[in-house]
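Observations on the model geometry
These are the residues of each chain, in order.
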Amino acid sequence: MVNPNKVRLMTKVSSYEKKNKKKLENLDFFKHDYIGFNVFLTLVGVAFSLLLFFLADLGTKFVADMQNFVKLDFVEIGTNYAMIAIAVAIVYGILSTLIYRKKYHDSVEVGDKLERMIKKLSKF
Amino acid sequence: MVKLLDFRAKLIDLYKKTEFLAVPLIKFAFAYFVFLKLDTFLDQYDSSSTFDFLSKTAVKIILSLVVTYIPDIWFTMIIMLITVGRVTLVSIEAGIITFIVLLIIYLLFLTMFREKAILSIITGLALSLNLSYVVPIMVAIFVGPVAIVPVAVGIIVYYLSGSLEGLIAMKGDGLVQMPFVLIDMYKFFISQLASNKIMLITIFVFAVVILATYYVSRLEINYAHYMAIGFGAIVMVFGFIIVNTVMKSSISIPEMVKGTLIAVAVAIVAQFLRFSLDYKKVEKHQFEDDDYYYYVKAIPKIKVPEVKKQTKTIK
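The sections below set out a description of the structure shown in this document.

**Details of a positive patch on the surface**
Residue and element names in this part refer to chain A.
- Taken together, the side chains of K12, K19, K113, R116, K119, K120 and K123 present a region of like positive charge at the surface.
- For the positive patch, the secondary structure elements donating two or more residues are helix 1 (4-19) and helix 4 (74-122).
- Broken down by element, the positive patch gets its largest block of residues, 4 residues, from helix 4.
- Looking at the secondary structure, you find K123 in the segment after helix 4.

Structure, rendered in structure tokens:
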């Protein structure tokens, strides 16, 4: 005979699982792997964006004074770019670590709740 | 009040019954409206309609249907692609710069907030409809401080879109001139970004409003959510007045106050529909387990009892 409470709980579990599919997928990774991978991806994006900025800046310098472009102190320019890149990378590294840690933590909470619901279901 | 609660209950019941249809329909309507606005905006620059294909209603309907069933971040990307595509056909240099700027914005800001990318579109749309003041209060209550970045991106993209006319006007003659035109465009863009006071003020005040509203809504006081809406509105009004005076900007204060009042009304309705708490029936409990001692304050949600229809049989 069909147990209405069991059916109700099964529907609830299924709906919860579907609603939080993305968060549950995060749990396929270990915490440090998940955070590390996403921070790495963020830093790759940041590096690429900075590269575009630096190229544009060099282009501006080139157009401003074409004849003396080769006389520019490229070591100093390079050092400045490196300092900016390191500062931005540190800020983004910290921020993205905090954000992805929070995301993983949220996923763990979702996973725990789902586990509790499944345990309850298994008691029927 | 009872009538209001009854209306709320009926509305929620109707939503629950039609959720499978209502949610995709709302998404579709929203996507279609966004594409329509984008199209109207880009049409003014593309006078020769070189990219007429995307202006067709059928294409917009198909795109909106696709957007209904894909993640929000893809919606953002489709908008980026359409914008870059149409701008490129008017001016290749402007297209390249637009692509680079949008790519940088995506890489620097949206990669970490993929799930909240839709907020950037909503903010841009709200700004174009003069409803932007609704955004910070609503996102503070429904999303939280994490929404600051996507909202700021929406503001930046909206105000930078005003520079498109200037960009398109900077056309070069042939491929030889292209690098120089690109550099000029880059300098123009950076100057626009740094000198747009209204954009900077809006980002700053909206961020403060989101934080203030969020933190008040989390306080353990009665009617915290409604108080947060009021507090957010006060912060917004005074924030804009102070920063506007200090930075000598040209934000219309009466318009802002009017917008804030609309924002308060919308937020109160949204909060009422979200949940209503019965503060007269607050329960306080204290208990302990092996690790902690708990102080719990439980506030029941107001629920209207269902009226059961009774059938009288008259003999």
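**Some details on the packing of aromatic side chains**
- Enumeration according to the criterion identifies 15 aromatic pairs over all chains in this entry.
- Geometrically, the ring pair formed by F62 of chain A and F69 of chain A is edge-to-face, given 5.0 Å between the ring centres and 85 degrees between the ring planes.
- Residue classification places F62 of chain A among the partly exposed positions, given a relative accessible area of 33%.
- Look at F206 of chain B and F240 of chain B: their rings are 6.1 Å apart centre to centre, the planes differ by 90 degrees, and that puts the pair in the edge-to-face class. In this pair, F206 of chain B sits in helix 10 (residues 197-217) while F240 of chain B sits in helix 11 (residues 224-246), placing the two residues 34 residues apart along the sequence.
- On the basis of relative accessible area, F206 of chain B is assigned to the buried category, the value being 1%.

**A short note on the nonpolar core**
- The biggest cluster of nonpolar side chains holds 76 residues, and the ones touching the most others in it are F35, F75, Y133, I137 and F240 of chain B.
- Element by element, the count of residues in this core is highest for helix 3 (residues 72-90) of chain B, at 9 residues.
- Among all residues touching F240 of chain B, those that are not within four sequence positions of it are Y133, I201, T202, V205, F206, V235, I251, I253 and M256 of chain B.
- Membership of the second largest hydrophobic core comes to 17 residues, among which are I35, Y92 and I99 of chain A together with F113 of chain B.

**Concerning the interface of chain B and chain A**
- On the chain A side, the residues contacting the 16 residues of chain B number 18 residues.
- Of all residues in chain B, L108, M112 and Y186 of chain B bury the most surface against chain A, accounting for 36% of the area lost on that side.
- On the surface where chain B and chain A come into contact, there are 1 salt bridge.
- Ionic pairing is found between E115 of chain B and K103 of chain A, a salt bridge with its closest N-O pair at 3.2 Å.
- At the junction of chain B and chain A, the tally comes to 4 residue pairs in polar contact (both at pLDDT 80 or more).
- At the level of secondary structure, the elements contributing two or more residues to the side of chain B that touches chain A comprise helix 4 (92-110) and helix 9 (174-195) of chain B.
- Element by element, the count of residues in the side of chain B that touches chain A is highest for helix 4 of chain B, at 6 residues.

**Quick look at the environment of D57 of chain A**
- With respect to the helices and strands, D57 of chain A occurs in helix 3 (residues 31-64).
- Here D57 of chain A is in contact with Y81 of chain A together with Y186 of chain B, once residues within four sequence places are set aside.
- There is a polar contact of 2.6 Å between the side chain of D57 of chain A and the side chain of Y81 of chain A.

Conventions used here
Each chain has its residues counted from 1, following the order in which its sequence is written. All chains are assigned letters beginning with A, and all ligands numbers beginning with 1, in the order in which they are written. Given that the model is predicted, a residue must reach a pLDDT of at least 70 before its local features are reported, and side-chain atom pairs must reach 80 or more before they are shown or counted; all residues, however, enter totals for whole chains, interfaces and linings. Where side-chain values are given, they derive from all heavy atoms of the structure, hydrogens and water being excluded. Patch construction takes residues with relative accessible area above 30% that form no salt bridge. Like charges are linked within 9 Å, and nonpolar side chains (Val, Leu, Ile, Met, Phe, Trp, Tyr) are linked within 5 Å. Surface accessibility in these figures is a Shrake-Rupley result with a 1.4 Å probe; residues are shielded only by whichever protein chains are displayed. Throughout this description, the term salt bridge denotes a Lys or Arg side-chain nitrogen within 4 Å of a carboxyl oxygen of Asp or Glu. Charge counting treats Lys and Arg as positive and Asp and Glu as negative, with His and both chain ends excluded. Every charge is mapped onto a representative atom, which is NZ of Lys, CZ of Arg, CG of Asp or CD of Glu. Helix numbers and strand numbers start at the N terminus; a helix is a DSSP run of H or I with at least 4 residues, a strand a run of E with at least 2. Stacked, tilted and edge-to-face pairs are distinguished by plane angle, under 30 degrees for stacked and over 60 for edge-to-face with tilted covering the rest, among Phe, Tyr and Trp rings (Trp via its six-membered ring) whose centres lie within 6.5 Å. Partly exposed describes any residue whose relative accessible area lies between the buried limit of under 20% and the exposed limit of over 50%, with all areas from a 1.4 Å probe on protein chains only and scaled to the type maximum. Nine residue types can take part in a nonpolar core, namely buried Ala, Val, Leu, Ile, Met, Phe, Trp, Tyr and Cys, and a core is a set of them joined through side-chain atoms within 4.5 Å. Whether two residues are in contact is decided by their heavy atoms: any pair within 4.5 Å suffices. Buried area is understood as the total, over both parts, of accessible area removed when two parts are fitted together, assessed with a 1.4 Å probe. N or O atoms within 3.5 Å of each other form a polar contact, as long as, within protein, one can give a hydrogen and the other can take it, and as long as residues adjacent in sequence are counted only when both atoms are side-chain atoms.

The quantities given are spatial measurements derived from coordinates; they are silent on function.
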